[in-house]
Amino acid sequence: MTDYRNVPLDFPRGFLIGSATASYQVEGAAHEDGRTPSIWDTFSHTPGRIWNNDTGDVACDHYHRLEEDLDLMARLGLEAYRFSISWSRVLPGAGGVVNPAGIDFYSRLVDGLRARGIRPIATLYHWDLPQELEDAGGWPNRDTAYRFAEYAARTVEHLGDRVDTWSTLNEPWCAAYLGYGSGAHAPGRTNGADALAAVHHLNLAHGLAVPEIRREATNDPEVSVTLNFHVPRGEKEAGVLVDALANRAFTGPMLRGRYDDDLQEATRSVTDWSFVKDGDLEQTKQDIDVLGVNYYSTVTVRTWDGTSEKVMNDGHKNVGGSPWPGLDDIEFLPQDGPYTDMGWNIAPDGLEELLLSLSAQFPDQPLMITENGAAFPDVVTETENGPRVHDEQRTDYLARHFAAAKRAIDQGVDLRGYLVWSLLDNFEWGYGYSKRFGIVRVNYETGERTVKDSALWVSEAIARKNG
């Protein structure tokens, strides 16, 4: 058994270490400066959808505390900051006219990062689809992919001289399967066929947006997409099907220009895949400069016997629907601990395994860890120097996963960086404000930021790398 606590973390100087957030989770100012509702505004304001009926109306108030948060990143020595852009803040009502106040916020963010020597990494879509587009059918509607390409072009037109990396989508697995299959995420629909149509149209949106980014950008940025990967363990046959639906449904069309036969066969009872049109798979396959890798835990799967009570310990909030269309005979087993506050198992070896697997599948594709982190119930200690958060569990979690990344690099994986999730405690989607992922604590009543010990550990890791 590998001990991930005794690995020298001597990363190369060019290896980027930073942190990440998402627009709806941190910005607040939901009704200000021309921003119109997204599906997460609608969803969070629907009673019973979110724990404690929390919403992202204020969140971390990052919109108004921008300079404070930029200074905080600089004090920590972050080398990169991955943020997402609110589509409905830039193009209110999903229209075609750029909102000056909205684009100005992101312009100030990018300029502030660059002035502090922090590399801006912008994600165009982190799940907050304009409500008007959901009303027109959402991601199961093919037109949404073309509207996304237009939004990408207009955004990059205004910011494309200063952003170092553009990521088209964040975790389209969640957007499709949790949004349209399980109902746990916005817009809260529970239709397997819609979920699979959404999968394809998100892939198509990526394929349409990449050329627009390259056309509009003037500073030769890197272009990326961010995928959350499932690492299946347990029964091999069941694991292959989970890999098909969770991972290859996106890497196949994006990196190989195909949907694998086993994916289509497994889902044939749900959809006939007629939403895939001639030429689509040539469009979805685009050369990208770096593949974003999000990792938190593993899953253990086996074929359900059809008679015993089915176990669905897949790590996702259960509200009645299924995020696994076509895999009705697969069950997800409880895993050995320890666990984070999300109930997810802590398995740094899973990250190493994933990075090695991706490197073997796509040997010429550079990778970057774009999200990894852990939620724990922090305790605030008052000291004579102010509040402190001694989050030993999160610090240990990060140290062990950084070690897994370093072991992968030592085995030849082309890994370019590591972005910790998350910079700030924030609105954790269906769990509201009950789960804290931040390396910086946010007092949701006052907005006060408190640097946790985990943030100091990240800062020291950066200093050690560059020392």
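Parameters at a glance
- Residues numbered from 1 in each chain as written.
- Predicted model: local features only at pLDDT ≥ 70, side-chain atom pairs only at ≥ 80, totals over all residues.
- Heavy atoms only, no water.
- Salt bridge = Lys/Arg side-chain N within 4 Å of Asp/Glu carboxyl O.
- Helix = DSSP H or I, 4+ residues; strand = E, 2+ residues; numbered from the N terminus.
- Buried < 20%, exposed > 50% of the residue type's maximum accessible area, 1.4 Å probe, protein only.
- Pairing = 2+ DSSP bridges.
- Disulfide = S-S within 2.5 Å.
- Phe/Tyr/Trp six-rings, centres within 6.5 Å; stacked < 30°, edge-to-face > 60°.
- Lys NZ or Arg CZ within 6 Å of the ring centre and 35° of its normal.

1. Section: the pattern of salt bridges
Side chains that differ in charge, positive against negative, can pair when their charged atoms come close.
Move 1: Within this structure, the stated rule accounts for 43 salt bridges.
Move 2: For Arg215, the salt bridge goes to Glu212, with nearest N and O atoms at 2.9 Å. Taken as a pair, Arg215 and Glu212 lie in helix H9 (residues 192-216) at a separation of 3 residues, close to a single helical turn.
Move 3: On the basis of relative accessibility, which here comes to 54%, the residue Arg215 falls in the exposed class.
Move 4: One salt bridge connects Asp391 with Arg394, and the closest N-O pair in it is separated by 2.8 Å. Accessibility assignment for this pair places Asp391 and Arg394 in one class, buried.
Move 5: Three or more residues joined by partner-sharing salt bridges are found here, namely Asp378, Asp391, Arg394, Asp425, Arg436 and Lys452.

2. Examining the pairing of strand S9 (residues 330-333)
Move 1: What you see with S9 is no split at all: Ile330 and Phe332 on one side and Glu331 and Leu333 on the other are buried throughout.
Move 2: The sheet contact formed by strand S8 (residues 299-303) and S9 spans 4 bridges and is antiparallel. From the neighbouring strand, Thr300 faces S9, where its bridge partner is Leu333.

3. Re the state of the cysteines
Move 1: Tallied over the entire structure, the rule returns 0 disulfides.
Move 2: No disulfide involves Cys60; its sulfur sits 19 Å from that of Cys174, the nearest cysteine.

4. Topic: the packing of aromatic side chains
Move 1: For the coordinates displayed, the defined rule picks out 34 aromatic pairs.
Move 2: With 5.4 Å between their ring centres and 70° between their planes, Tyr125 and Trp139 make a pair best called edge-to-face. Here the residue Tyr125 occupies a position in strand S3 (residues 119-125), and Trp139 occupies one in the loop between helix H6 (131-135) and helix H7 (143-159), the gap between them amounting to 14 residues.
Move 3: Residue classification places Tyr125 among the buried positions, given a relative accessible area of 1%.
Move 4: For Trp139, a relative accessible area of 1% translates into the label buried.
Move 5: A ring pair is formed by Tyr259 and Trp273, whose centres lie 4.8 Å apart and whose planes are at 50°; its orientation type is tilted. Here the residue Tyr259 occupies a position in the loop between helix H10 (236-256) and helix H11 (261-266), and Trp273 occupies one in the loop between H11 and helix H12 (280-284), the gap between them amounting to 14 residues. For the pair Tyr259 and Trp273, one class covers both residues: buried.
Move 6: The ring of Tyr431 carries the charged tip of Lys317 above its face, separated from the ring centre by 5.6 Å.

Geometry only, nothing functional implied.
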